[in-house]
Amino acid sequence: MEFFAVAFSLALIALTVVFISRRRSDGGAKLPPGTFGWPIFGESIEFLFGKPEKFVGDRMKKYSPDIFKTKVLGEKTAVICGPNGHKFLFSNEHKYFTAFRPHPMQHLFRSYKDKSAPPAETQRPDETKAIRQPGFLKPEALIRFLAKMDSITQQQLQVHCADKNEVEVYPLAKTVTLTLACQFFLGINNPERIARLVKYFDDVTVGMHCIMINIPGTIFYRANKAAAAIRKELVTVIREKKQAIASGSPMRDILSHMIVVTDPSGQSMPDYEIADKMMGLLTAGYSTVATTITFLMKYVGLNPEVYERVRAEQLEIAASKKPDELLEWEDVGKMKYSWNVICETMRLVPPLQGTFREVLTEFNYAGYTIPKGWKVYWTVSTTNTNPKYFKDSEKFNPSRYDEGEAPPPYTYVPFGGGPRMCPGKEYARLSILTFVHNVVKRYKWEVIDPKEKVEGDMMPAPQKGLPIRLYHH
Ligand code: HEM
């Protein structure tokens, strides 16, 4: 009897130790609920290839609406959810976390770094300094670029749509977006060069979130090849630009700034480093804008009453100008309904799901402890289609942003928030509004296959490129 009592007590102690050590690993902390999934891969497959809103929605229901743990892309990660999660994350940047890029991204955008270089996450702020500090993307700088944006968009529509009755929107949106970005960031406007780059940027964009298996046929392999091709092209552009600067050409683009800027010791950036930084900026600004334009064309094409309202707004602006006068800042300020349409498109098809942070110091959130070194992920998918915050959330309804009906704070954050909020927001707004202005002025359209499949879960894209039938005004 005594033997059984001792054995029972020992078993109980052992079970308790296992339970406590499971619950309180990482130094006795109460970790968020959830699972790290399979060995090595964790839950990466579900994260990358499932619907993003399903990935988070299922786990929020199963574990907690505030936070859950997972392991994705090789990292133990806490996913912070809902408006409170967004607020907490955007307000505690630098205090608890710093930016973190998933490993495939670090690999693709870091060709020039040697192995002794500091970890990528400590370098990321430096990377975006070039775009934030000189103010290239601030409204003051963009005002000067607006007329050029307008004329490039007009030319592009002329080239790709003027004599057509059918076009595929996605390739068109990509070409227009990349043409604008190449002009603004690099100061180049050579159409063949741009056409060559489109395919490469697609591969890099998809490769930013993938399983890192570098053998022929894999996403990561294709992304590496594409990154090398873009880098090669960019190094050529940089050399040409240096010659142009030396012979006195004006410096109006971000690339020229990067070429002439020096560090405190007077050193300028090596060409390969500039190429990597430019590739990062072009990638950040390319697929996001192209995706938004594409799905906007889809939703507006499927909702004739929305089309009529957007066209009326844009025709009124056009009527207040001389026939060939290009868009000005005040004009964009009047495009309120068109901007609502863009916002509603980004709510239903977020161009960027979310981003990662690295935990700098252990912190508590919603009763759980998140250890130092873990990653934190936030995603628009925890709020943007939740009927609690958006009435008839599945419905495309741009009027929901009208005054007095704005969504509750931190529920609609397509550009993120806080100090890391997207620096390209204003540029994106102007380029998409400029496209809308020009397209509705010239055309009405019909979506040929309203049920066309959307593929790519982290980066949504219409399977057949969204063919539309164009009617010329
Ligand atoms: C519809 C268009 C766009 C959307 C929805 C979008 C969204 C976002 C989001 C959600 C973030 C992450 C913020 C965070 O980590 O908290 C971000 C970061 C960033 N975006 Fe955008 N973006 C867009 C267009 C652009 C454009 C056009 C550019 C460049 C001109 C750009 C450049 C960047 C850069 C450089 C970052 C990294 C900022 C940092 O880590 O400090 N984005 N964007």
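Residues numbered from 1 in each chain as written. Predicted model: local features only at pLDDT ≥ 70, side-chain atom pairs only at ≥ 80, totals over all residues.

Looking at an unreviewed UniProt entry, the chain carries the name Cytochrome P450 716C53, with the source organism given as Avicennia marina. Its UniProt record gives the chain a comment under Cofactor (unreviewed entry), which states: "heme". Here is the UniProt Subcellular location (unreviewed entry) comment for the chain, exactly as written: "Membrane". (UniProt positions renumbered as here; feature names shortened; annotations may be inferred.)

Draft legend 1. Geometry of the overall build of the chain. Scanning the chain for helices and strands turns up 17 helices and twelve strands. A total of 473 residues make up the chain; the buried ones form 38% of that total. (Helix = DSSP H or I, 4+ residues; strand = E, 2+ residues; numbered from the N terminus. Buried ≥ 20, exposed ≤ 12 C-beta atoms within 10 Å, placed from the backbone.)

Draft legend 2. Examining the UniProt feature "binding site: heme" (unreviewed entry) in the chain more closely. Here the UniProt-annotated "binding site: heme" (unreviewed entry) positions come out as Cys-422. Here Cys-422 is to be found in the loop between strand S8 (375-379) and helix H17 (425-442). Overall, Cys-422 belongs to the buried group, with 20 C-beta atoms counted inside 10 Å. Residues within four places of Cys-422 in sequence aside, it is in contact with Phe-415 and Gly-416. (Contact = placed C-beta atoms within 7 Å.)

Draft legend 3. Seen up close, helix H16 (residues 336-348). The terminal C-alpha atoms of H16 lie 19 Å apart, and with 13 residues this matches the ideal 18 Å at 1.5 Å per residue to within 8%. Every buried residue of H16 is listed here: Ser-338, Val-341, Ile-342, Glu-344, Thr-345, Met-346 and Arg-347. Buried residues belonging to H16 abut helix H13 (271-302), helix H14 (304-319) and H17. (Expected span 1.5 Å × (residues − 1).)

Draft legend 4. Seen up close, the packing of H13 against H16. Between H13 and H16, the shortest axis-to-axis distance is 9 Å and the interhelical angle comes to 105°. The orientation of H13 relative to H16 falls into the category roughly perpendicular. Contacts between H13 and H16 involve Thr-292, Phe-295, Leu-296, Tyr-299 and Val-300 from the former and Val-341, Ile-342, Thr-345 and Met-346 from the latter. Counted by class, the contact of H13 with H16 contains seven nonpolar, two polar and no charged residues. (Axes fitted to C-alpha atoms, helices over the stretch in contact; angles between N-to-C directions. Parallel < 35°, antiparallel > 145°, perpendicular 65-115°, else oblique. Nonpolar A, V, L, I, M, F, W, Y, C, P; charged D, E, K, R; others polar.)

Draft legend 5. Structural context of the sheet that holds strand S2 (residues 75-80). The mixed open sheet is built from five strands, whose spatial order is S1-S2-S8-S5-S3. Single-partner strands in this sheet number two, and they are strand S1 (67-72) and strand S3 (97-100). Put simply, the sheet's adjacent strands are angled 35° from each other on average, direction ignored. Sheet topology places S1 next to S2; six bridges connect them, and they run antiparallel. Residue pairing in the sheet places Lys-69 in a bridge with Ala-78 of S2. Of the strands in this sheet, S1, S2 and S8 touch helix H5 (residues 82-91), which is tilted by about 125° from S8. (Pairing = 2+ DSSP bridges.)

Draft legend 6. Spotlight on the site of the ligand. Of all residues adjacent to the ligand, which total 25 residues, the nearest are Gly-285, Thr-355, Gly-416, Cys-422 and Gly-424. Those elements that provide at least two residues to the shell around the ligand are helix H7 (120-132), H13 and H17. Per element, the largest residue contribution to the shell around the ligand is six residues, and it comes from H13. Classifying every residue of the shell around the ligand gives 16 nonpolar, seven polar and two charged. (Near = placed C-beta within 6 Å.)

Draft legend 7. Region of the structure containing unusual backbone geometry. Within the chain, Asp-392 stands out as a residue other than glycine whose phi angle is a positive 45°. Take Asp-392: there are 9 C-beta atoms within 10 Å of it, and that puts it in the exposed class.

Draft legend 8. How the structure looks around the sheet that holds strand S12 (residues 467-472). Ordered in space as S4-S12-S9, the three strands form an open sheet in which the pairing is antiparallel. Only two strands of the sheet have a single neighbouring strand rather than two, namely strand S4 (166-168) and strand S9 (443-447). Looking at each pair of strands side by side, their axes are set apart by 35° on average, direction ignored. As defined by bridge partners, S4 adjoins S12 across three bridges and the pair is classed as antiparallel. Pairing of Glu-166 across the sheet is with Arg-469, part of S12. Here H13 sits on the sheet and contacts S9 and S12; the angle it forms with S9, its principal contact strand, is near 90°.

Draft legend 9. Focus on the environment of Ala-229. Along the chain, the position of Ala-229 falls in helix H11 (residues 219-246). In the structure, Ala-229 is positioned 28 residues away from Phe-201 in sequence and 9.8 Å away in space, judged by C-alpha atoms.

Draft legend 10. Summary view of the confidence of the model for the chain. Summing up the model confidence of the chain, the mean pLDDT is 88 and the portion of residues at 70 or higher is 89%. Here residues 10-25 is modelled with pLDDT under 50, and outside its nearest four sequence neighbours on either side it reaches four contacts, counting other chains as well. Between residues 114-127, whose pLDDT stays under 50, and residues either more than four places distant or in other chains, the model counts 14 contacts. (pLDDT = per-residue confidence, 0-100.)

Draft legend 11. Seen up close, the nonpolar core. Ranked by size, the top nonpolar core spans 78 residues in total, and within it Val-204, Ile-230 and Met-278 carry the most contacts. With 15 residues, H13 is the largest single contributor of residues to this core. The residues touching Ile-230, leaving out its near neighbours within four places in the chain, are Leu-197, Tyr-200, Phe-201, Val-204 and Met-279. Counting 21 residues, the second-largest nonpolar core is a separate cluster that includes Ile-80, Phe-88, Leu-89 and Phe-97. (Core = buried A, V, L, I, M, F, W, Y, C linked by C-beta atoms within 7 Å.)

Draft legend 12. Quick peek at the pairing of S1. Across the six residues that make up S1, a large majority, six, are buried. Of the two faces of S1, the one holding Ile-67, Lys-69 and Lys-71 and the one holding Phe-68, Thr-70 and Val-72 are both buried throughout. Counting the residues between successive antiparallel strands, the hairpin from S1 to S2 contains two residues, one of them, Leu-73, with a positive phi of roughly 50°.

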